[in-house]
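Inside the fold
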Amino acid sequence: MLALMLSLNSLALADDSNRVVLKTNLGEIELQLDAENAPITVENFLAYVDAGFYNGLIFHRVIENFMIQGGGFDAEMTQKATQEPIKNESDNGLSNRRGTIAMARTRAPDSATAQFFINTVNNFNLDGATGRPGYAVFGEVVRGMDVVDRIRAVPTTTHSRMADVPVEPVVIESATRVAAAE
């Protein structure tokens, strides 16, 4: 029994290292990342978190009944330089359902870098299918869906030929790993 408790405790500690808090100017969103099913994507995202890359960036694309997207632009809509793209892991069995976080990409399947989105509704059409890569889900919101819902409801406009940009910037003030429980 003690061995099982120690095993569960070490699993909980491992899970804590894969939790991230996005502190925004509208509140906090806590994410549980799924390194077991999306190891490349989680490693990539955590590298950006650990480097402070997301601090000061915005949710630059907000579509109320679709998703909120961030991780690429600052409040002046200047795109931040990224690392090399990663392999698409959309075949990992995770689905683009409400509250999950997935990687944004171009039409090229293996083009995701730093931008991510949180699904505000079930978007099963974004899942991969035979012969059609999808958008790789790599975690879910475990606290702060009310904040996601606040963000999804902000007024948007067109800015520099980009549609669905919040009128007032929704800033990611910091993105940090949750400290492991003692």
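See above for the structure.
A brief look at the structure comes next. Quantities reported herein were computed from a predicted structural model and do not represent experimental measurements.

1. Brief notes about helix H3 (residues 145-152)
Here H3 has its buried residues at Met 145, Val 147, Val 148, Ile 151 and Arg 152. Angularly, the buried residues of H3 cover 155° about the axis, an arc narrow enough to put them on a single face. Buried residues in H3 make contact with strand E1 (19-24), strand E2 (27-33), strand E3 (57-63), strand E4 (67-74), strand E6 (116-119) and strand E7 (137-143).

2. Some details on the sheet that holds E6
One closed barrel holds the eight strands; their spatial order is E1-E2-E7-E5-E6-E4-E3-E10, and the pairing between them is antiparallel. Averaged over all adjacent pairs, the angle separating strand axes in this sheet is 35°, with direction ignored. As paired strands, E3 and strand E10 (residues 171-177) are joined by two bridges and run antiparallel to one another. Each residue of the ladder has a partner; that of Leu 57, found in E10, is Ile 172. The sheet strands contacting helix H2 (residues 39-50) are E1, E2, strand E5 (100-103), E6, E7 and E10, and the helix crosses E10 at an angle near 115°. Along the sheet face, H3 touches E1, E2, E3, E4, E6 and E7 and points at about 120° away from the line of E2.

3. Observations concerning the side chain of Ser 111
Summarising the element assignment, Ser 111 is placed in the loop between E5 and E6. What makes Ser 111 buried here is its relative accessible area of 17%.

4. A word on the packing of aromatic side chains
In the structure shown here, the tally under the stated rule is nine aromatic pairs. Centroid distance Phe 45 to Tyr 54: 5.2 Å. Interplanar angle 35°. Geometry classified as tilted. Using a relative accessible area of 0% as the deciding quantity, one classes Phe 45 as buried. Since its relative accessible area comes to 0%, Tyr 54 is described here as buried. Ring pairs connect the aromatic residues Phe 45, Tyr 48, Phe 53, Tyr 54, Phe 59, Phe 116 and Phe 138, which therefore count as one cluster. The ring of Phe 53 carries the charged tip of Lys 80 above its face, separated from the ring centre by 4.5 Å. Over the ring of Tyr 135 we find Arg 105, and its NZ or CZ is 4.1 Å from the ring centre.

5. Some words on H2
Between its terminal C-alpha atoms H2 stretches 16 Å, which fits the 16 Å expected from 12 residues at 1.5 Å a residue. Buried within H2 we find Thr 41, Val 42, Asn 44, Phe 45, Leu 46, Tyr 48 and Val 49. Those residues of H2 hidden inside the fold are in contact with E1, E2, E5, E6, E7 and E10. One or two steps after H2, the chain reaches Gly 52, where phi turns positive at roughly 75°.

6. Comments concerning the nonpolar core
Phe 45 and Tyr 54 are the most contacted members of the largest nonpolar core, which totals 34 residues. Tallying contributions element by element places H2 first for this core, with five residues. Once residues lying within four places of it in the same chain are set aside, the contact partners of Tyr 54 are Phe 45, Tyr 48, Val 49, Gly 71, Ala 114, Phe 116, Ile 172 and Ala 175. Formed by six residues, the second largest nonpolar core is a distinct cluster that contains Met 67, Ala 102, Leu 126 and Val 137.

Parameters at a glance
Residues numbered from 1 in each chain as written. Predicted model: local features only at pLDDT ≥ 70, side-chain atom pairs only at ≥ 80, totals over all residues. Heavy atoms only, no water. Buried < 20%, exposed > 50% of the residue type's maximum accessible area, 1.4 Å probe, protein only. Helix = DSSP H or I, 4+ residues; strand = E, 2+ residues; numbered from the N terminus. Arc of directions from axis to C-beta. Contact = heavy atoms within 4.5 Å. Pairing = 2+ DSSP bridges. Axes fitted to C-alpha atoms, helices over the stretch in contact; angles between N-to-C directions. Phe/Tyr/Trp six-rings, centres within 6.5 Å; stacked < 30°, edge-to-face > 60°. Lys NZ or Arg CZ within 6 Å of the ring centre and 35° of its normal. Expected span 1.5 Å × (residues − 1). Core = buried A, V, L, I, M, F, W, Y, C linked by side-chain atoms within 4.5 Å.

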